[in-house]
Each structure stands twice: as structure tokens, then as C-alpha cells.
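Structural overview
These are the residues of each chain, in order.
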Amino acid sequence: MQIIKTAIATALATLAFSASAMTPIQDAELSTVSGQDGVSIAANLNIKIDSFVYTDTDALDANGLGGGSVSFNGIKVNGLIAANIDILSKNSFLAAAGAAGVTNPGTFYNPATGGDVVQIAIPQSVVADGHYLNVSVDAIKMGNNAASFGSVAMNQIDMRGTTVWIFAH
């Protein structure tokens, strides 16, 4: 009796293992597979840039003007950003582009030869008010002068509703 139970347990285990084994799928079959709603990505940005320098390489004119530089020092970008990533069919992309106000997507996407499109969208409700992106510049300096003209800040940059499309061509 024990031998029969062992044989049945072995047969069931083998059947269960083979049923869960992964099998390869051909490209033609894969193109008919559809999945869930996509992927979401969220990030808390904390980017620091030491400086951005604009340099005028013109020679000095008769009035002593020309040449010199302006540097923006201590640049920071921080805040939350979230995005949904989806794969759109050609028709879905053209409909989405039209709904987004793109008047002629054919200027950058060829509907005759184009295929699927990756859509990256910043959703309306993931990032709470008060946590949008902020950009600041600690000091703006002219040439080699240590004195600063002051600072600049752009606060609460709301990117919700922004959509980006990526496609091959």
C-alpha cells in the first residue's frame, strides 16, 4: 500500500512540475498576447549641479565690451515625479496623440510604417500638491568676480498631465 501511495505522490508531483514549466513562445504568438495595464515608475529627485557657465568668446571691442562669462552655481532640482508606462498600438497612439492636441502626429511618426509606441505619462493624482519639482540656483556670478547677483528659484513645477511617446523609426 505504501508503494502505491509513493507512486501516486511521485506522479502528481511530476505532473504539477511539468504543468508549471515555462515554454518558449514564438514572435507570431507573442504578438497576440496582451497583458495588464503597464508599469508605473516613481522617483524622488535630488539632483545637484555644481555650476552652469555661459562664456562669451568674442574679443573685446573698442569699448572694452565682449568676452567674459556668467556662472550659475549650486543648481538643485528636487521633488517627486511619477510616471505610467504603457505600450500603445498604432491606432491607440494616433487617438491618444489627437486627444492630447497633437494636430499632425504624422510629422514625427509615420502611420504607414510605424508600429507600437511606448507611452510615458505623468498621471494627474499620484504626486500630492506641494511636492512638485523645485529648481534653484544659489548664486549667479559674472566672470571671476566673487560677488553674486543673487539667486533664482522655480518652485512647484507641476508636470502632471505630461505625456511622452517613444517609438522606433
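Reading the values: rules and limits
- Residues numbered from 1 in each chain as written.
- Predicted model: local features only at pLDDT ≥ 70, side-chain atom pairs only at ≥ 80, totals over all residues.
- Heavy atoms only, no water.
- Helix = DSSP H or I, 4+ residues; strand = E, 2+ residues; numbered from the N terminus.
- Buried < 20%, exposed > 50% of the residue type's maximum accessible area, 1.4 Å probe, protein only.
- Contact = heavy atoms within 4.5 Å.
- Areas by Shrake-Rupley, 256 points an atom, 1.4 Å probe, with all protein chains shown as cover.
- Core = buried A, V, L, I, M, F, W, Y, C linked by side-chain atoms within 4.5 Å.
- pLDDT = per-residue confidence, 0-100.
- Pairing = 2+ DSSP bridges.

As recorded in an unreviewed UniProt entry, the protein goes by DUF6160 domain-containing protein and comes from Duganella callida.

The number of helices and strands found in the protein is 3 helices and 6 strands. Traced from its N-terminal end to its C-terminal end, the protein shows the element sequence α-α-β-β-α-β-β-β-β. Taken across its 169 residues, the protein has 18% of its residues classed as buried. If you take every contact in the protein between residues at least 6 apart in sequence, the share linking residues at least 24 apart comes to 69%. Carbon together with sulfur atoms contributes 60% to the accessible area of the protein, which is approximately 12,300 Å² in total.

Take Thr-113: it is sitting in the loop between helix H3 (90-99) and strand E3 (117-121). Each C-alpha atom of the pair Thr-113 and Lys-90 lies 9.6 Å from the other, and the pair is 23 residues apart in sequence.

Bringing the nonpolar core into the picture now. Listed in full, the 6 residues of the largest apolar core are Leu-88, Phe-93, Ala-97, Tyr-109, Val-117 and Trp-165. Discounting residues that sit within four places of it in the chain, Trp-165 has contacts with Leu-88, Phe-93, Ala-96, Ala-97, Ala-100, Val-102, Val-117, Val-118 and Gln-119.

With 75% of its residues at a pLDDT of 70 or more, the protein shows a mean pLDDT of 76. Per-residue pLDDT, averaged within each element of the protein, yields its smallest value for helix H1 (residues 2-19) (52) and its largest for strand E4 (residues 133-142) (90). Scored below 50 in pLDDT, residues 15-20 makes 0 contacts in the model with residues more than four places away or belonging to other chains.

The next subject is the pairing of E4. As defined by bridge partners, strand E2 (residues 69-88) adjoins E4 across 8 bridges and the pair is classed as antiparallel. The residue bridging Asn-73 from the neighbouring strand is Ala-139, located in E4. As judged from the 4 bridges shared by E4 and strand E5 (residues 152-157), these two strands associate in the antiparallel manner. Bridging across to E5, Val-135 finds its partner in Met-154.

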